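Fold and contact review
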Amino acid sequence: MIEKQVDIATRDGMTTTFVVHPDRGGPHPVILFFMDAPAIREELRDMARRLASGGYYVLLPNLYYRAGVMEIGPIPPDPDHPARKQMFQLMNSLDIDLVMSDADGLLAYAGADPAADDSRVGSVGYCMSGRYAVSLAVRRPERVFAAASVYGTHLVTEFEDSPHRTARQARGELYFACAEEDVWAPPETVEALAQALRADRVDAEVETYPGTKHGFAFPQRPVYNKAAAERHWERLNSLFRRKLG
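Here goes a summary of the coordinates provided. If you're wondering where the values come from, they're calculated on a predicted model, not measured in any experiment.

For the rest of this paragraph, the subject is the side chain of His28. By the secondary structure assignment, His28 is in strand β3 (residues 28-34). For His28, a relative accessible area of 5% puts it in the buried group. A distance of 3.4 Å separates a polar atom in the side chain of His28 from the backbone nitrogen of Gly26. Sequence-distant contacts of His28, that is, excluding residues within four places in its chain, are made with His21, Pro22, Gly55, Tyr56, Tyr57, Ala115, Ala116 and Asp117.

A word on the pattern of salt bridges. This structure, assessed with the given rule, holds 23 salt bridges. Between Asp36 and Arg41 there is a salt bridge; the shortest N-O distance is 2.9 Å. Residue class for Asp36 comes out buried when judged on its relative accessible area of 1%. Between Glu71 and Arg45 there is a salt bridge; the shortest N-O distance is 2.6 Å. Placement of Glu71 in the loop between β4 (57-61) and α2 (82-92) and of Arg45 in helix α1 (residues 42-52) is noted, with a sequence separation of 26 residues between them.

This part is about the sheet that holds strand β6 (residues 144-150). One open sheet accounts for eight strands, arranged β1-β2-β4-β3-β5-β6-β7-β8; its pairing is mixed. The sheet is open, and its two borders are formed by β1 (2-10) and β8 (204-213), each paired with just one other strand. Between one strand and the next, the sheet's axes are offset by a mean angle of 20 degrees, whatever the strand orientation. Here β3 runs beside β4; their pairing, made up of three bridges, is parallel. In the sheet register, Ile31 faces β4, and the bridge partner there is Val58. Along the sheet face, α1 touches β1, β2 (13-21), β3, β4 and β5 (116-126) and points at about 50 degrees away from the line of β2. In the packing of helix α4 (residues 130-139) onto the sheet, the strands contacted are β3, β5, β6 and β7 (173-181), and the crossing angle to β6 comes to about 165 degrees.

One pass over the full model with this rule turns up one cavity of 30 Å³ or more. Along the wall of the largest cavity there are 14 residues; nearest its centre are Gly152, Leu155, Cys178, Ala185 and Val190. Grouping the constituent residues of the lining of the largest cavity by class yields nine nonpolar, four polar and one charged.

Examined against the element boundaries, Phe218 turns out to sit in the loop between β8 and α7 (226-244). Dropping the residues within four chain positions of it, Phe218 is found in contact with Asp36, Arg41, Glu43, Leu44, Met47, Tyr126, Tyr151 and Tyr224.

This next bit is on the layout of surface pockets. When its volume is computed, the largest pocket comes out at roughly 870 Å³. Forming the boundary of the largest pocket are 29 residues, of which Pro38, Ile75, Arg84, Met87 and Arg221 lie nearest the centre. Examining the composition of the lining of the largest pocket, we find that four residues originate from one element, α2, more than from any other. Classifying every residue of the lining of the largest pocket by side-chain character gives 16 nonpolar, five polar and eight charged.

This part is about helix α6 (residues 187-199). Compared with an ideal rise of 1.5 Å per residue, which puts 13 residues at 18 Å, α6 spans 18 Å between its outermost C-alpha atoms and is within 8% of the ideal. Within α6, the full set of buried residues consists of Val190, Leu193, Ala194, Ala196 and Leu197. Buried residues of α6, viewed axially, fall in a sector of 165 degrees; they line one side. Those residues of α6 that are exposed and aimed more than 90 degrees away from the buried face are Pro187, Glu188, Arg198 and Ala199. Packed against the buried residues of α6 are α5 (163-166), β7 and β8. Where α6 terminates, the next one or two residues include Arg201, which has phi positive at roughly 55 degrees.

Cut-offs and rules
- Residues numbered from 1 in each chain as written.
- Predicted model: local features only at pLDDT ≥ 70, side-chain atom pairs only at ≥ 80, totals over all residues.
- Heavy atoms only, no water.
- Helix = DSSP H or I, 4+ residues; strand = E, 2+ residues; numbered from the N terminus.
- Buried < 20%, exposed > 50% of the residue type's maximum accessible area, 1.4 Å probe, protein only.
- Polar contact = N/O pair within 3.5 Å; in protein donor to acceptor, adjacent residues only side chain to side chain.
- Contact = heavy atoms within 4.5 Å.
- Salt bridge = Lys/Arg side-chain N within 4 Å of Asp/Glu carboxyl O.
- Pairing = 2+ DSSP bridges.
- Axes fitted to C-alpha atoms, helices over the stretch in contact; angles between N-to-C directions.
- 1 Å grid on protein atoms, 1.4 Å probe; cavity = no way out; pocket = protein on both sides within 12 Å on 5 of 7 lines; lining within 4 Å.
- Points joined across faces, edges and corners; volume = space filled by probe spheres on them.
- Nonpolar A, V, L, I, M, F, W, Y, C, P; charged D, E, K, R; others polar.
- Expected span 1.5 Å × (residues − 1).
- Arc of directions from axis to C-beta.

It is worth stressing that arrangement in space is one thing and function is another; only the former is reported here.
Shown next, in the form of structure tokens:
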């Protein structure tokens with residue numbers, strides 16, 4: 001495997017990005033891996049490596065670069081702890097348009113690398129970034145053939161760019177992995193999402209993982225559920241293999 005950390009130019013500056021891909025057999029289809037709210041950390045880099053081992057060119061960008069923040073560190077459960085407050089401030093500083101502008105820079109970087117095949121693109125986002133992974137398929141339908149949201153938040157909102165409204169514009173296949181217990185995406189939200197996707201005949205699957213809580217796929221979280229996490233890897237691998245080759 002080849003891995004490196006590079007600064008990639010975007011409309012608003014430079015985002016430090018972890019890039020990993022196999023060392024032979026390229027060019028490889030591109031996967032944009034959007035981080036969750038606690039920011040970049042070795043746990044996510046390990047997940048990027050696992051994705052890349054399937055034959056993909058994976059980019060894991062720091063979405064908090066505008067604030068000059070790279071890694072927050074451990075997030076205590078205390079809602080009044082400064083680190084948790086900082087996390088929410090950073091998370092709320094982003095929106096779909098900002099992250100899609102970052103994606104333009106990331107795809108341009110991949111397009112200039114002989115190891116990457118940027119004509120075949122997939123995306124995956126966890127927590128706050130589920131909507132970004134899906135929105136990339138909406139904004140770049142000619143290139144993004146598969147997108148996955150894993151316990152994504154803000155998938156059903158009142159805004160015009162809400163994923164439940166815009167998903168019909170995607171041409172790729174969409175997958176939504178949802179936790180059974182999730183205050184950020186409760187059952188009624190998941191059902192509203194599923195109903196909207198069915199009504200618009202979107203090529204999508206919404207799957208709820210029994211006995212899980214928000215964050216179940218992250219090995220370092222107390223809520224980690226190994227069986228569910230491995231199922232989510234199987235779903236991702238199957239989706240990207242089917243749609244990206």
